[in-house]
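# An overview of the molecular structure
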Amino acid sequence: MKKTVTVNLDKTIFNIDDDAYTVLESYLEALHDHFKKEEGGQEIMNDIESRISELFKERLGFGMQVITLQEVNEVIAIMGQPDAVSYTHLRAHETCADL
């Protein structure tokens with residue numbers, strides 16, 4: 001049995017394993033630290049959370065009810081590590097997702 005946490009990303013509620021939450025929280029904090037000095041940093045973080053929410057929704061579309069460490073790691077691999085993430089990179093992902 002695993003403990004789960006309820007999180008709100010981009011106005012969507014997700015149930016996430018406790019260990020996956022820890023990794024996701026660390027990732028989001030690292031991104032926040034990376035973008036906080038940039039102009040529009042909060043907007044960038046909102047866009048990142050929105051994209052993560054979209055990716056989680058896709059995974060839940062396969063009948064899953066809980067986001068696990070595997071899904072969090074997959075999303076981080078797609079999004080990239082904070083030092084490799086640029087706002088242009090994020091916009092490119094959004095454009096591809098809209099097609």
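Scroll up to find the structure this text is about.
The following paragraphs examine the structure supplied in this document. (Residues numbered from 1 in each chain as written. Predicted model: local features only at pLDDT ≥ 70, side-chain atom pairs only at ≥ 80, totals over all residues. Heavy atoms only, no water.)

### Overview of the overall build of the chain
For clarity, the threshold we go by: Numbering goes from the N terminus for both helices and strands, where a helix is a DSSP run of H or I of at least four residues and a strand is a run of E of at least two. Using a 1.4 Å probe on the protein chains alone, a residue whose accessible area is under 20% of its type maximum counts as buried, one over 50% counts as exposed, and one in between counts as partly exposed. Whether two residues are in contact is decided by their heavy atoms: any pair within 4.5 Å suffices. To be clear on the numbers: accessible area is Shrake-Rupley with a 1.4 Å probe, and residue cover counts the displayed protein chains and nothing else.
Scanning the chain from terminus to terminus reveals four helices and two strands. When burial is assessed residue by residue, the chain has 36% of its 99 residues classed as buried. Considering only contacts in the chain between residues 6 or more positions apart, those separated by 24 or more positions represent 55%. Looking at the chain as shown, the accessible area adds up to about 6,100 Å², and 51% of this sits on carbon and sulfur atoms.

### Considering the environment of Ala 30
Position of Ala 30 among the secondary structure elements: in helix 1 (residues 18-35). Linking Ala 30 and Asp 83, residues 53 residues apart in sequence, is a C-alpha distance of 9.0 Å.

### Quick notes on the pairing of strand 1 (residues 4-9)
Applied cut-off: Only strands that DSSP links by at least two bridges are regarded as paired with each other.
Where burial is concerned, the two faces of strand 1 differ: the one with Val 5, Val 7 and Leu 9 is buried and the one with Thr 4, Thr 6 and Asn 8 is not. With six bridges connecting them, strand 1 and strand 2 (residues 12-17) associate as antiparallel partners. By the bridge assignment, Asn 8 is partnered in strand 2 with Ile 13. Here strand 1 hands over to strand 2 after two residues, with Asp 10 in that stretch at a positive phi of 55°.

### Section: the packing of helix 1 against helix 2 (residues 41-60)
Note the cut-off: Axis lines are fitted to C-alpha atoms, over the contacting stretch for helices. Their N-to-C directions set the angle, which ranges from 0 to 180 degrees. For classification purposes, angles smaller than 35 degrees are called roughly parallel, those larger than 145 roughly antiparallel, those between 65 and 115 roughly perpendicular, and all remaining angles oblique. Crossing handedness follows the turn of the near helix against the far one: under a right angle anticlockwise gives a left-handed crossing, and clockwise gives a right-handed one. Residues were grouped as follows: Ala, Val, Leu, Ile, Met, Phe, Trp, Tyr, Cys and Pro as nonpolar; Asp, Glu, Lys and Arg as charged; and all remaining residues, including Gly, as polar.
Orientation of helix 1 relative to helix 2, taken along the N-to-C sense of each, is 150°, at an axis distance of 9 Å. The orientation of helix 1 with respect to helix 2, classified from their angle, is roughly antiparallel. Relative to helix 2, helix 1 is oriented so that their crossing is right-handed. Residues Leu 24, Tyr 27, Leu 28, Leu 31, His 32 and Phe 35 of helix 1 form the contact with helix 2, whose participating residues are Gly 41, Ile 44, Met 45, Ile 48, Glu 49, Ile 52 and Phe 56. A class-by-class count of the residues in the contact of helix 1 with helix 2 yields ten nonpolar, two polar and one charged.

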